[in-house]
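Descriptive structure summary
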Amino acid sequence: MRLRYAAKTDVGMKRAHNEDYFSLIEDEKVFLVADGMGGHACGEVASKLSGDVISEFYMHSKDMDATWPYRYDPNLSYPENRMVAAVRLANARIYDAAQKNPNLRGMGTTIVGCMFVGDHVYISHVGDSRCYRINAEIKQLTRDHSLLEDYKDARPDMSEEEARNFPHKNVITRALGMRDTVQVDITKHQVNDGDQFVLCSDGLSGMVDDKTIFKIVREASTLENAVAELIEQANRAGGTDNITAMLIQCNL
């Protein structure tokens, strides 16, 4: 599989600094977007630490005899175990750092990552940063860990207008660094020729609807133009948060 990608992050129109972070582990075909939280800029410490720790674990686990920090889950494949262990380790490191340094108390980060193996993609996430697949349509492949999504589960008849006006829609129920352990959601999907994947923080998905994301990605002349236009559209809509967009195109 041949992969092409572009990414961009922007502080937005309202924030003083950028707590989003994106990274990739090129030789492992792993792509990551994190959205940090916490006062005094420690959100950006958490988001960068998540990327650094995950990269460190992927390097460490290349050695098939290396000891892993967590027990192997027989219900998951090797790629799934590796990805889940990396994210869980990032959570533990962020939590420990916050406990040891009073200036970092309360820091945390969301994370969404995808890893391409053969003609499949594995997607892991914690929080409300998202992954979309775009081909003839757009489909969200992650479920936000948020109060709004929990409320939707309890109220399946909830209208779009009610969802838009939900008073606590920005409250997330799961993030790295909140507790000493974390549950990581992971899914596996078949990749088809020409599929495109968007990884983004809620600074994009909260400001730009799915139809507009789809239109921008499909009509852009290059991947770089697509991510630039996604950021611009979020800023035009108000840019109330940091904005990060990463676009990956797959050709078999």
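Shown above is the structure to which this text applies.
Summary of the structure given here. Everything numeric here is computed off the predicted structure, so don't read it as measured data. (Residues numbered from 1 in each chain as written. Predicted model: local features only at pLDDT ≥ 70, side-chain atom pairs only at ≥ 80, totals over all residues. Heavy atoms only, no water.)

A look at the packing of helix 1 (residues 42-60) against helix 2 (residues 78-100)
One way to put it is that helix 1 packs onto helix 2 with a least axis distance of 8 Å and a crossing angle of 135°. What the angle tells us is that helix 1 and helix 2 run oblique. Relative to helix 2, the crossing made by helix 1 is right-handed. Packed against helix 1, whose contacting residues are Ala46, Leu49, Ser50, Val53, Ile54, Glu56, Phe57 and Tyr58, the element helix 2 presents Arg82, Met83, Ala85, Ala86, Val87, Leu89, Ala90, Arg93, Ile94 and Ala97 at the interface. Taken together, the residues of the contact of helix 1 with helix 2 break down into 14 nonpolar, 1 polar and 3 charged. (Axes fitted to C-alpha atoms, helices over the stretch in contact; angles between N-to-C directions. Helix = DSSP H or I, 4+ residues; strand = E, 2+ residues; numbered from the N terminus. Parallel < 35°, antiparallel > 145°, perpendicular 65-115°, else oblique. Left-handed = near helix turned anticlockwise from the far one by under 90°. Contact = heavy atoms within 4.5 Å. Nonpolar A, V, L, I, M, F, W, Y, C, P; charged D, E, K, R; others polar.)

Some remarks on the packing of aromatic side chains
Applying the stated criterion across every chain yields a total of 7 aromatic pairs. Ring geometry for Trp68 versus Tyr72: centroids 6.1 Å apart, planes at 45°, classification tilted. Accessibility expressed as a relative area gives 40% for Tyr72, which makes it partly exposed. Measuring from ring centre to ring centre gives 5.6 Å for Phe116 and Phe197, while their planes differ by 70°; the resulting arrangement is edge-to-face. Of this pair, Phe116 sits in strand 4 (residues 108-117) while Phe197 sits in strand 9 (residues 196-200); the two residues are 81 residues apart in sequence, bridging distant segments of the chain. Neither Phe116 nor Phe197 differs from the other in exposure class; each is buried. Members of the aromatic cluster, connected to one another through ring pairs, are Tyr5, Phe31, Phe116 and Phe197. (Phe/Tyr/Trp six-rings, centres within 6.5 Å; stacked < 30°, edge-to-face > 60°. Buried < 20%, exposed > 50% of the residue type's maximum accessible area, 1.4 Å probe, protein only.)

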